[in-house]
Amino acid sequence: MLEPIRHLLDNFHIILASSSPRRSELLTNLGLKFDVIPSHFEEDLDPKSFPNYGNFAAETAHQKVLDISRRIPPDVSRPQLIVGADTIVTLDGKMFGKPKNQDEAFNYLSELNNRTHTVYTGVALKSAELEMKFHTCANVSMAKLSEEVIKAYINTGEPIEGIRTAWVWLRG
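I will try to describe carefully the structure that is included in this document. (Residues numbered from 1 in each chain as written. Predicted model: local features only at pLDDT ≥ 70, side-chain atom pairs only at ≥ 80, totals over all residues. Heavy atoms only, no water.)

On to helix α4 (residues 102–112). Of all the residues in α4, the buried ones are Ala105, Phe106, Tyr108, Leu109 and Leu112. The arc that holds every buried residue of α4, seen down its axis, measures 165°, which confines them to one face. The opening residue of α4, the one whose side-chain oxygen lies 3.1 Å from the backbone nitrogen of Asp103, is Asn101. Immediately downstream of α4, the backbone of Asn114 shows phi near 60°, a positive value. (Buried < 20%, exposed > 50% of the residue type's maximum accessible area, 1.4 Å probe, protein only. Helix = DSSP H or I, 4+ residues; strand = E, 2+ residues; numbered from the N terminus. Arc of directions from axis to C-beta. Polar contact = N/O pair within 3.5 Å; in protein donor to acceptor, adjacent residues only side chain to side chain.)

With respect to burial, strand β5 (residues 116–126) is a largely interior element, nine of its eleven residues being buried. As paired elements, strand β3 (residues 81–91) and β5 share nine bridges and run antiparallel to each other. Along β5, the bridge assignment pairs Val83 with Leu125. Linking β5 back to strand β6 (residues 131–141) in an antiparallel pair, the connection comprises four residues. (Pairing = 2+ DSSP bridges.)

Quick look at the pattern of salt bridges now. Inspection of the entire model under this criterion finds ten salt bridges. With a shortest N-O distance of 3.1 Å, Asp86 and Lys64 are connected by a salt bridge. Here Asp86, found in strand β3, pairs with Lys64, found in helix α3 (residues 53–71); they are 22 residues apart in sequence, far enough to count as distant. Of the charged contacts, one joins Glu104 and Lys100 as a salt bridge, the two residues approaching to 4.0 Å between their closest N and O atoms. (Salt bridge = Lys/Arg side-chain N within 4 Å of Asp/Glu carboxyl O.)

Under the definition given, this model contains three aromatic pairs. With a centroid separation of 5.7 Å and 65° between ring planes, the pair formed by Phe50 and Phe56 is classed as edge-to-face. Residue classification places Phe56 among the buried residues on the basis of a relative accessible area of 6%. Cation over ring: Lys151 sits above Phe106, and NZ or CZ is 5.7 Å from the ring centre. (Phe/Tyr/Trp six-rings, centres within 6.5 Å; stacked < 30°, edge-to-face > 60°. Lys NZ or Arg CZ within 6 Å of the ring centre and 35° of its normal.)

Turning next to unusual backbone geometry. Phi at Glu43 takes a positive value of approximately 55°, unusual for a residue other than glycine. You can see Glu43 is positioned in the loop between β2 (35–36) and α3. With a phi angle near 50°, Asp92 is a residue other than glycine that sits in the positive phi range.

With respect to the helices, strands and loops of the structure, Lys126 is situated in strand β5. Once residues lying within four places of it in the same chain are set aside, the contact partners of Lys126 are Val65, Leu66, Ser69, Gln80, Leu81, Ile82 and Glu131. (Contact = heavy atoms within 4.5 Å.)

Bringing the packing of α4 against helix α5 (residues 147–155) into the picture now. Relative orientation of the contacting elements α4 and α5 amounts to 135°, with a least axis distance of 10 Å. By the angle between their directions, the pair α4 and α5 is classed as oblique. In this structure, α4 crosses over α5, and the sense of that crossing is right-handed. Contact with α4, carried on its side by Gln102, Ala105, Phe106, Leu109 and Ser110, involves Glu147, Ile150, Lys151, Tyr153, Ile154 and Asn155 of α5 and no other residues of that element. Its residues assigned to classes, the contact of α4 with α5 shows six nonpolar, three polar and two charged. (Axes fitted to C-alpha atoms, helices over the stretch in contact; angles between N-to-C directions. Parallel < 35°, antiparallel > 145°, perpendicular 65-115°, else oblique. Left-handed = near helix turned anticlockwise from the far one by under 90°. Nonpolar A, V, L, I, M, F, W, Y, C, P; charged D, E, K, R; others polar.)

This is the structure in C-alpha cells:
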C-alpha cells in the first residue's frame, strides 16, 4: 500500500511516540525509518467523556503526539511526522487497562480467555501542516487457554507491557 510513495517516505524524519515493541515492529515491517521517543502523557483521560472507546483511544493517541511535539526543543530539527497510537481492550462494557502486576494480568487474561472481545486502536499523526486522528475496532476471539499457558505467557513479561498486546499473541 505504501509502495507508490515509499521513495518520499525514505527521507522523512518520523518519530514514533511509543516505546511499544509491537508498534515499532509494525512500522519496521512497513519499511519505514523512524526514531522512537516515548510519550510522557499521563493517559488520564476519562473514557466516559467520549462517545465511544474508539474516540477515547484516538484522543489518547493524539495527546501522546502533542506531548512529543511540545517536548522537542526549538533548536532541534522538527520531525516531518509524529505517529502515536493507543489500543484498548473491552469486554462486556469493561475497559481493560495496563495490568499493574502479574496477578492483575492473570485476572485480565482469564476473563478474556475463550471469549470474543473488542479491541479499539486510535492513531494520531502530526506534521507541520496537519493533525489527524482516527480509530478502528475489531472483534477478537481468544482461544481457550489453560492456566498453565496463561501463567507461562505472563512470565514472558509481555502482559505487564500492556494487556493491549495480549490479543495479538493469544488469539485463536
